[in-house]
Amino acid sequence: MQNLYSNYFGLKEASFSITPDPQYLFLSEQHREALAHLLYGAGTSGGFVLLTGEVGTGKTTICRAFLEQLPDGVEVALILNPTTTVTELLRTVCDELRIEVSEQERTVKCLVDRLNDYLLRAHAEGRRAVLMIDEAQDLRPKVLEQVRLLTNLETTKHKLLQIFLVGQPELRTLLQREGLRQLNQRITARYHLRPFNAAETAEYIRHRLMVAGVERQLFTRDAIRLVHRVSGGVPRLINILCDRSLLGACVTPSPLVTKSIVKRAAREVKHSTPRGYGFGLGCLAMATAALMLAVAGGWMTRSWLAEVPVATPQVPAFLARWLPSRQTEPRVPVSPTPKAALEQAPGLALAEPEAAGPGEDLILADIAMDRVSAMRVLLRRWGVEPAGLGPGDPCVRVMDYGLRCELDGGGWSRMRFFDRPALIELVTEDLSERYLVIGGLDAEAAVLDLDEGSRRVSLATLDDVWDGDYLLLWQPPPVGGAIIGPSSRGESVRWLRKLLSQVPDLAVEAIGSGVFDPALDEAVRRFQKREGLKIDGIAGPKTLIRLHNVVGMPEIPKLAPVP
């Protein structure tokens, strides 16, 4: 399906498929360390090894690499679908280890006995058995308890079965439950995969291109930086975004993937996927299929792509946005409105869309700021007047002032819900990065905080140049990290208890231990349910922002009324 851009760039195949392919294996330092944990665990006796990571960070890649490097004498039972009953799980383990079980022996006791007999024979022959369960966060607590009991299969000196649990971060939370504490205590090695940093992202992209047969760099430096920022360093999202960007560069056509092409790709991917689900491939697959059918039909060539008008009916809608438009009449360039004219005629920026002149979008672009300047304006609402934020990501620099960034989406209603001044990025025709700071909000208009003064503008006008995502600042706990959950201990937990005790009708004692116990977990969940938040029992940024609002934390800026 991707031969179009493969041929265009001289790649032997599509280099950013999301299907795990051993020849594209890329092991960053942390991936090598995680693999070492698994290999070490396979050579030890008994206990659990825990490997966790967000969706798309490479857990499956690590597991495949492990299976290809199995130490001598190690046999693996791999469970890929853990949403089973206890009996089904044990039958699958026996099937994986080629243990013959008759129909009359399909009870839990018989299955465990047959497994124990096999493990004893394997141990006597110098072989070891490993049970690897992928997506282990989906295991039911009752099934997890049976998995724990399998570690009781032992000789007087050795455990007979080593168990690897691989799953998403929720697995760590699940294991913190009181009823699973015995299993949690038997975990002998833990490793959590984080997304790539910027340097790892760049190296990952270069690696995949080289494996596909191209040693020259196809992405500009700025494009790679944007890929990292948009994907968050998650390998699967990097693949999807790079795949779409290469296709975009091909049909533009452009010899390199530039920052503007990545930005278009990011918007296409985002708009083709329901919010909150992450990046998707449906729109891309359909568009590419249509394009390849066209190529097969012999009516599309590279020169045709460069000349075709956007309105040509055969071109898929997605591809049409990438192709240069041909206009019957030349566009008359509009000069940017001088700042003095804005100050003399602020009403221009307030006009409703139907009454707006041709320069209204341009006026918004004129008063918009670069990201650093916008962040500096946003910091003023927190009583911070930095002379400069210095180099690097502004969201890293604000940590010097005891603040953190939080990205969210959902439009105006979501912004009102969290009730904080926020930074939004304009969707501009030239794809330049321009930002506005929302300092106030009501049902029909917003107040824009500017470097000097402010402006009132209708929401309808902003809707034309905004995609609904925003960034706000918030104040993390004065002690500990930005997230308080079952693994937290000490002053951060006491601080959370005290804050929850101020919530009406929540019935939480202000004074208690520094242990995140089941009672505190239940209190956090009740608060999240009451506030319409994700109910996970973890006091993360969004939960703490709402908690600050409910208890009336002092010196926290809110969205101002619109005059």
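Rules used in this analysis
- Residues numbered from 1 in each chain as written.
- Predicted model: local features only at pLDDT ≥ 70, side-chain atom pairs only at ≥ 80, totals over all residues.
- Heavy atoms only, no water.
- Pairing = 2+ DSSP bridges.
- Helix = DSSP H or I, 4+ residues; strand = E, 2+ residues; numbered from the N terminus.
- Axes fitted to C-alpha atoms, helices over the stretch in contact; angles between N-to-C directions.
- Contact = heavy atoms within 4.5 Å.
- Parallel < 35°, antiparallel > 145°, perpendicular 65-115°, else oblique.
- Left-handed = near helix turned anticlockwise from the far one by under 90°.
- Nonpolar A, V, L, I, M, F, W, Y, C, P; charged D, E, K, R; others polar.
- Salt bridge = Lys/Arg side-chain N within 4 Å of Asp/Glu carboxyl O.
- Buried < 20%, exposed > 50% of the residue type's maximum accessible area, 1.4 Å probe, protein only.
- Phe/Tyr/Trp six-rings, centres within 6.5 Å; stacked < 30°, edge-to-face > 60°.
- Arc of directions from axis to C-beta.

### Section: the sheet that holds strand β2 (residues 74-79)
Read from one edge to the other, the open sheet built from 5 strands follows the order β2-β3-β4-β1-β5, with strand pairing classed as parallel. The open sheet has two free edges, formed respectively by β2 and β5 (187-193), since each of these has just one partner strand. Ignoring strand direction, the axes of neighbouring strands in this sheet form an average angle of 15°. The pairing of β2 with strand β3 (residues 128-133) spans 6 bridges and is parallel. Within the sheet, the bridge partner assigned to Glu 75 lies in β3 and is Ala 129. Contacts from helix α6 (residues 141-150) reach β1 (48-53), β3 and β4 (161-167), with the element oriented near 150° to β4.

### Description of the packing of helix α4 (residues 86-96) against α6
In contact at an axis separation of 9 Å, α4 and α6 are set at 40° when each is read in the N-to-C sense. For the element pair α4 / α6, the angle class is oblique. Our pair here, α4 against α6, has a crossing hand that is right-handed. Residues Val 86, Leu 89 and Leu 90 of α4 touch α6, and the partners they reach there are Lys 142, Val 143, Gln 146, Val 147 and Leu 150. For the contact of α4 with α6, the residue count by class is 6 nonpolar, 1 polar and 1 charged.

### Comments concerning the side chain of His 548
Along the chain, the position of His 548 falls in helix α24 (residues 541-551). The residues contacting His 548, other than those within four sequence positions of it, are Arg 420, Gln 475, Trp 495, Leu 499, Met 553 and Ile 556.

### A closer look at the sheet that holds strand β9 (residues 445-449)
Hydrogen bonds between backbone atoms are what pair the strands of a sheet, whose relative direction is either parallel or antiparallel. Strand order in this open sheet of 6 strands is β6-β11-β7-β8-β9-β10, and the pairing throughout is antiparallel. Sheet topology places β6 (404-409) and β10 (454-458) at the edges, where each strand pairs with a single neighbour. Here the average twist between neighbouring strands, direction ignored, is 35°. Pairing geometry for strand β8 (residues 435-441) and β9, over 4 bridges, is antiparallel. From the neighbouring strand, Ile 438 faces β9, where its bridge partner is Leu 448. Most of the contacts of helix α18 (residues 371-380) go to strand β11 (residues 469-474), to which it runs at about 45°, and overall it touches β6, β7 (422-425), β8, β9 and β11.

### Considering the pattern of salt bridges
Tallied over the entire structure, the rule returns 22 salt bridges. Here Arg 497 makes a salt bridge to Asp 517, at a shortest N to O gap of 3.0 Å. Separated by 20 residues along the polypeptide, Arg 497 in helix α22 (residues 491-500) and Asp 517 in the loop between α22 and α23 (518-531) bring together distant segments of the chain. According to the relative accessible area criterion, Asp 517 is partly exposed, its value standing at 23%.

### Points about the pairing of β11
Counting buried positions along β11 gives 5 out of 6 residues, so the element sits mostly inside the fold. As judged from the 6 bridges shared by β6 and β11, these two strands associate in the antiparallel manner. Each residue of the ladder has a partner; that of Cys 405, found in β11, is Leu 473. Strand direction decides the pairing type here: β7 and β11, joined by 2 bridges, are antiparallel. Counterpart to Leu 423 in the pairing with β11 is Leu 471.

### Quick look at the packing of aromatic side chains
Tallied over the entire structure, the rule returns 8 aromatic pairs. Plain terms: the ring middles of Phe 26 and Tyr 204 are 5.5 Å apart, the flat faces sit at 75° to each other, and that makes the pair edge-to-face. Note that Phe 26 is positioned in the loop between α1 (3-9) and α2 (29-43) and Tyr 204 in helix α9 (residues 198-211), a separation of 178 residues in sequence. Residue classification places Phe 26 among the buried residues on the basis of a relative accessible area of 13%. With relative accessibility at 5%, the residue Tyr 204 sits in the buried group. With a centroid separation of 5.3 Å and an interplanar angle of 50°, the aromatic rings of Phe 196 and Tyr 204 are classed as tilted.

### Section: the environment of Ser 373
When you line up the elements, Ser 373 lands in helix α18. Judged by its relative accessible area of 17%, Ser 373 falls in the buried class. In the structure, Ser 373 is positioned 77 residues away from Leu 450 in sequence and 9.3 Å away in space, judged by C-alpha atoms.

### A word on the environment of Arg 526
By the secondary structure assignment, Arg 526 is in helix α23. Sequence spacing of Arg 526 and Gly 537 is 11 residues, and the spatial spacing of their C-alpha atoms is 8.6 Å.

### Details of the packing of α2 against helix α3 (residues 59-68)
Here α2 crosses α3 at 45°, and the two axes come no closer than 10 Å. Judged on the interaxial angle alone, α3 and α2 are oblique. As α2 runs across α3, the sense of the crossing is right-handed. Facing His 31, Ala 34, Leu 35, Leu 38, Leu 39 and Ala 42 of α2, the residues of α3 in contact are Ile 62, Ala 65 and Phe 66.

### So, the pairing of β9
By the criterion of burial, β9 is predominantly enclosed, with 5 of the 5 residues buried. Burial along β9 is two-sided: Ala 445, Val 447 and Asp 449 and Ala 446 and Leu 448, pointing in opposite directions, are all buried. The turn linking β8 back onto β9 is made up of 3 residues. The sheet contact formed by β9 and β10 spans 5 bridges and is antiparallel.

### Quick word on α4
Regarding α4, the residues found buried are Val 86, Leu 89, Leu 90, Val 93 and Cys 94. End-on view of α4: buried residues confined to an arc of 135°, all on one side of the axis. Contacts from the buried residues of α4 go to β2, α5 (108-124), β3 and α6. Once α4 ends, the next one or two residues include Arg 98, with phi positive near 60°.

### Description of α3
Along α3, the residues classified as buried are Lys 59, Ile 62, Cys 63, Ala 65 and Phe 66. With its buried residues spanning 160° around the axis, α3 presents them on a single face.

Everything listed here is a matter of coordinates, which is why it stays silent on function.
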